[in-house]
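Given next are the chains, with one letter for each unit.
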Amino acid sequence: MDKKSKYAQWSKDALIQRIQALEADLSRAGKQTPETIPEPSVGGAVAAVEGTQSGDAITDSPPPKKKKAERKMDPSKYATRLVAFKLAYLGKRYGGFEFAAHANLPSIEEELWKAFVKACLIFPENPDEVNWDAWEYSKCGRTDRGVSAFGQVIAVRVRSNKPLPKKEEPVQANEGGDVENGEREGEGKNIVATVKEEKPKREFDDFTDELPYCRILNRLLPPDIRILAWCPTTPAEFSARHDCRERQYRYFFTQPAFAPLPQSLENPDNAKNTKIKGGWLDIEAMRQAAKKFEGHHDFRNFCKVDPSKLNINFERRVLESDIVEVKDAETALPFLDRDEFRPPSPAEFGLQEKSPLPKVYYFHVRGTAFLWHQIRCMVAIIFMVGQGLEDPSVIDRLLDIEAEPRRPNYQLADEVPLVLWDCIFPREEKPENELKWVYLGEDNPFNQHGITGLLNHAWEYWRERKLDELLSSQLLNIVSSQADISLRKDQKAQACVPASTKMFEGGNKERLVGKYQPLLKRERLPSPAEVFDREARRKGYKDAADMREGLIRKRAEAVAAAGKPPPELLSLDEGTE
């Protein structure tokens, strides 16, 4: 491995530890690192110079302490098995699921790698380099930065407690020609080696004898990443990506979506763009829009095109698409029940008299696979419909690629409310790759409800955030009830808010966009073909077709030389979300 790429796949923690080790080596060698060089005063500078000239050392570093030698496990002494794991994580503080060497935020894969290595479930030659290639690793979904998952699935070949098959040892003869445990030659008896009667072998039990994978990993993983289940009967040819039959996503939002203004402060000019009061969403219109995604469609206008992936197939099948209310999830904010904050016709928005507000809903979508950012694009358009800025029929128009071959320029929905809810196995054509999950607690109930059980850890994590929600909602109620805005003691105060459309895009607050421009009148982005051609020319090819032929040729050469293509040439198609 050349010097330039030596640290390319190292995790952030490993790089920091390497820097600290190098600084310690410099310190022991009598050299100072930039952080340890003091800023000298005038007198200090003179003393430093004199001390240096006289040959005296500036500082005496203590002799380094001897570190205990780390015991290394011998991988050859252990059996391995391919195991599928179901895991959950809250993605807000992560840079996505996939490891990226130059990312600013840690990834889920990086945290998993550190846990698997520390638990000695895998034995990489270089533990600091995140490289899953040797462990038959596969993953179902590749969630982006900030996106969570409650049903992500990975498969890894890991260390097992299963005994290795014993080799049959030949019978040894001693120096005198005798056979151990046998008769001497010349005594008129046949030479027979006595064989000890073997005890009947007890069948290996996956719960009594196997490593407690879920418990081991949960002790090492951060509290916002949890292993939920494992599959003791993972098929030998199982792939978490290719054997997945269905992926389910949910995108959560509140009703109202952002804080509505009192009616007395609304600008009448804002009613020209929409008849819906700012902050409120037309749930029924959103449901009509969501249903239009069901079926087999070309979703090129509902995704982000990756120029490095030569994907010419944007067709996907959506099995179900709907808007669903989350029952018993309301946090009471009494000020929203006041007439000045409520929409003119509450019944049209699914609001009942004195019902707790805000309500919680989610966009539910099931499909075989999804394009890059597809769901966030779909949600962005649904929110436009919910705010009355677009008609549900705009989705029919965008799904018609002959009428709209290029995507209008619009903002993606925020990433944090999106959750990969579940992954369903197997595919219909491979029923033998079914996964029979064993959830943590089904082996031993105290793994679920014990003091260190999964539920207790989840409760602790939830309660901390629930208390934050409780205190912030109480503060919001106090703020909303203290001021009498009708007093208007400042005579220069504006009568109403400036005329500007407020757009909700899934985040914590609205975005002011000025005069709203209808979606179909906006500037169009380059078509996928134009994106691919531009990327091909940037890399020195004539066009996308020439680049595709070149990559296919490189892949064939790599397979001929090494037996398999490198990861970057494994697939020319864009992956699923």
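Residues numbered from 1 in each chain as written. Predicted model: local features only at pLDDT ≥ 70, side-chain atom pairs only at ≥ 80, totals over all residues. Heavy atoms only, no water.

**Comments concerning the overall build of the protein**
Within the protein, the secondary structure is distributed over 11 helices and 12 strands. Residues counted as buried form 41% of the 577 residues belonging to the protein. In the protein, 76% of the contacts between residues at least 6 apart in sequence involve partners at least 24 apart. Approximately 35000 Å² of the protein is accessible, and the part contributed by carbon and sulfur atoms is 52%. (Helix = DSSP H or I, 4+ residues; strand = E, 2+ residues; numbered from the N terminus. Buried < 20%, exposed > 50% of the residue type's maximum accessible area, 1.4 Å probe, protein only. Contact = heavy atoms within 4.5 Å. Areas by Shrake-Rupley, 256 points an atom, 1.4 Å probe, with all protein chains shown as cover.)

**Points about helix H4 (residues 213–220)**
Residues of H4 that are buried include every one of Tyr-213, Cys-214, Ile-216, Leu-217 and Asn-218, and no others. Buried residues along H4 sit against strand E1 (79–89), helix H3 (108–118), strand E3 (148–160), strand E4 (225–231) and helix H9 (454–482).

**Notes on the packing of helix H5 (residues 283–291) against helix H6 (residues 374–386)**
Where H5 contacts H6, the two axes come as close as 8 Å, and the packing angle between them is 145°. Considering only the axes of H5 and H6, their crossing is right-handed. Contacts between H5 and H6 involve Ala-285, Met-286, Ala-289 and Ala-290 on the former and, on the latter, Ile-382, Phe-383, Val-385 and Gly-386. For the contact of H5 with H6, the per-class residue count stands at 7 nonpolar, 1 polar and no charged. (Axes fitted to C-alpha atoms, helices over the stretch in contact; angles between N-to-C directions. Left-handed = near helix turned anticlockwise from the far one by under 90°. Nonpolar A, V, L, I, M, F, W, Y, C, P; charged D, E, K, R; others polar.)

**Digging into the environment of Lys-327**
Within the secondary structure layout, Lys-327 lies in the loop between strand E7 (315–325) and strand E8 (359–367). Measuring from C-alpha to C-alpha, the distance between Lys-327 and Val-360 comes to 7.8 Å, with 33 residues separating the pair along the chain.

**Quick notes on the side chain of Arg-407**
On the secondary structure map, Arg-407 appears in the loop between helix H7 (393–399) and strand E9 (418–424). From its side chain, Arg-407 meets the backbone oxygen of Tyr-410 in a polar contact 3.1 Å long. If we skip the residues at most four places from it in the chain, Arg-407 touches Arg-300, Asn-301, Cys-303, Lys-304, Cys-377, Leu-412, Glu-523, Arg-524 and Leu-525. (Polar contact = N/O pair within 3.5 Å; in protein donor to acceptor, adjacent residues only side chain to side chain.)

**Notes on the side chain of Ser-138**
Tracing the sequence through the fold places Ser-138 in strand E2 (residues 138–139). You can call Ser-138 buried: its relative accessible area is 12%. At 2.9 Å, the side chain of Ser-138 and the backbone nitrogen of Ala-240 are in polar contact. Excluding its chain neighbours within four sequence positions, the residues that come into contact with Ser-138 are Val-153, Ile-154, Ala-155, Phe-238, Ser-239, Ala-240 and Arg-241.

**With respect to the confidence of the model for the protein**
Within the protein, residue pLDDT values average 85, and 82% of them lie at 70 or more. Contacts of residues 179–189 to residues separated by more than four positions or lying in other chains number 15 contacts, the stretch itself having pLDDT below 50. Low pLDDT, under 50, characterises residues 191–195; the predicted model gives this stretch 8 contacts beyond four residues in sequence or across chains. (pLDDT = per-residue confidence, 0-100.)

**Focus on the pattern of salt bridges**
Per the counting criterion, the structure on display carries 35 salt bridges. Across the pair Glu-111 and Lys-114 runs a salt bridge whose closest N-O atoms are separated by 3.5 Å. In this pair, Glu-111 and Lys-114 are both assigned in helix H3, 3 residues apart and thus about one turn of the helix distant. We note a salt bridge from Lys-272 to Asp-269, for which the minimum N-O separation is 3.8 Å. A residue is classified by how much of its surface remains accessible, and Asp-269, at 39% relative accessible area, is partly exposed. (Salt bridge = Lys/Arg side-chain N within 4 Å of Asp/Glu carboxyl O.)

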